[in-house]
Amino acid sequence: MSLSGNLSSQYLSGLLMAAPLASEDVTLQIDGPLISKPYVDMTCAVMQSFGVNVESGTELPETDNRFVIPAGQKYLATDYMIEPDASAASYFWAVPAILGGTATVHGLTEKSLQGDVGFVRCLEQMGCQVDFHDNSISVTGPAKHGIHIDMSDVSDTVQTLAAVALFVKGPTTVTNGGELIRPRCKSAGTKVSGSKMSRRWPTGSSRSGPYVGPIGTPSSGSRPTARTGRSSRNSA
């Protein structure tokens, strides 16, 4: 079976999880580069935890972009610790990036399976301090400046970064975050009043260029306060 690599990884993950129940071996051939690879790696790791083997990466030549799932396998019951949702955690890490202070999310570490843990590295590049602990990750803000970043591995957090980008100095440009358009929402590709956020892909394009570029700070140069949610003057 052939599957386009530039579609949401959710399609591939769904096929991978169902494949062990097939009566014959299943081969999933990926056409083109595989986006959101950390999500697929997480799917394979979880399947392995429940007793199912997926041949990919180390088992196959690096140039052979495919997944082979042998038939005759069964999922086995096991005790499994479920991590907090790293995509949702990005909202809490974004709070100190905008307002200052520190936010700590427990249950996630630098070695977590979820690719969206890498969102804290984006904030680190923007000037936040990131601390990795044995069972938690802390972000201390505020963020200071914009960045140019490839978010193909953390595409679910593009909207969160866009919100932070409105409160830092200089532009922030995100590339390779376009796969979120299909599984998420169309709002990421529209203009946002006051932020100069714009979708740069022409209709019908291959969507390989920059995705979205929130530019500069709000015209008031202000940040919302933690207590009221209203704006207060802040030159940071």
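For the structure given in this document, a descriptive report is provided here. (Residues numbered from 1 in each chain as written. Predicted model: local features only at pLDDT ≥ 70, side-chain atom pairs only at ≥ 80, totals over all residues. Heavy atoms only, no water.)

1. Here we look at the nonpolar core
Thinking step 1. By size, the foremost hydrophobic cluster in this structure holds 30 residues, and its most contacted members are Trp 93, Leu 108, Leu 123, Met 126, Met 151, Leu 161 and Val 164.
Thinking step 2. Looking at this core, the elements that each hand over two or more residues are α3 (86-99), α4 (119-125), β6 (136-141) and α5 (158-165).
Thinking step 3. Ranked by the residues each element gives to this core, the list is headed by α3, at six residues.
Thinking step 4. Among the nonpolar cores identified, the runner-up in size contains 15 residues, and Leu 3, Leu 28, Leu 34 and Ile 69 belong to it. (Core = buried A, V, L, I, M, F, W, Y, C linked by side-chain atoms within 4.5 Å. Buried < 20%, exposed > 50% of the residue type's maximum accessible area, 1.4 Å probe, protein only. Helix = DSSP H or I, 4+ residues; strand = E, 2+ residues; numbered from the N terminus.)

2. A look at the sheet that holds strand β1 (residues 2-4)
Thinking step 1. What the three strands build is an open sheet, ordered β1-β2-β3; its pairing is mixed. Of all the strands in the sheet, just β1 and β3 (66-69) have a single pairing partner and so form its edges. Direction aside, neighbouring strands of the sheet carry axes that sit 20 degrees apart on average.
Thinking step 2. Across four bridges, the pairing between strand β2 (residues 26-31) and β3 is antiparallel. Bridging across to β3, Leu 28 finds its partner in Phe 67.
Thinking step 3. Contacts from helix α1 (residues 9-18) reach β1, β2 and β3, with the element oriented near 170 degrees to β2. (Pairing = 2+ DSSP bridges. Axes fitted to C-alpha atoms, helices over the stretch in contact; angles between N-to-C directions. Contact = heavy atoms within 4.5 Å.)

3. A few points about the pattern of salt bridges
Thinking step 1. Counted by the stated rule, this structure contains three salt bridges.
Thinking step 2. With a closest N to O distance of 3.0 Å, Asp 41 and Lys 37 form a salt bridge. Separated by four residues within a single helix, Asp 41 and Lys 37 lie in helix α2 (residues 37-49), roughly one turn from each other.
Thinking step 3. Using a relative accessible area of 37% as the deciding quantity, one classes Asp 41 as partly exposed.
Thinking step 4. Residue classification places Lys 37 among the partly exposed positions, given a relative accessible area of 42%.
Thinking step 5. In this structure, Arg 121 and Glu 124 form a salt bridge, with 2.8 Å as the shortest nitrogen-oxygen distance. Remark: Glu 124 and Arg 121 occur in helix α4; sequence separation between them is three residues, near one turn of the helix.
Thinking step 6. Classification of Glu 124 as partly exposed rests on a relative accessible area of 33%. (Salt bridge = Lys/Arg side-chain N within 4 Å of Asp/Glu carboxyl O.)

4. Side note on the pairing of β6
Thinking step 1. Most of β6 sits out of view: five of its six residues are buried.
Thinking step 2. Pairing geometry for strand β4 (residues 101-106) and β6, over six bridges, is antiparallel. Each residue of the ladder has a partner; that of Val 105, found in β6, is Ile 137.
Thinking step 3. Inspection of the sheet shows strand β5 (residues 129-132) paired to β6 by four bridges, in the antiparallel sense. Note on β6: the bridge partner recorded for Phe 132 is Ile 137.

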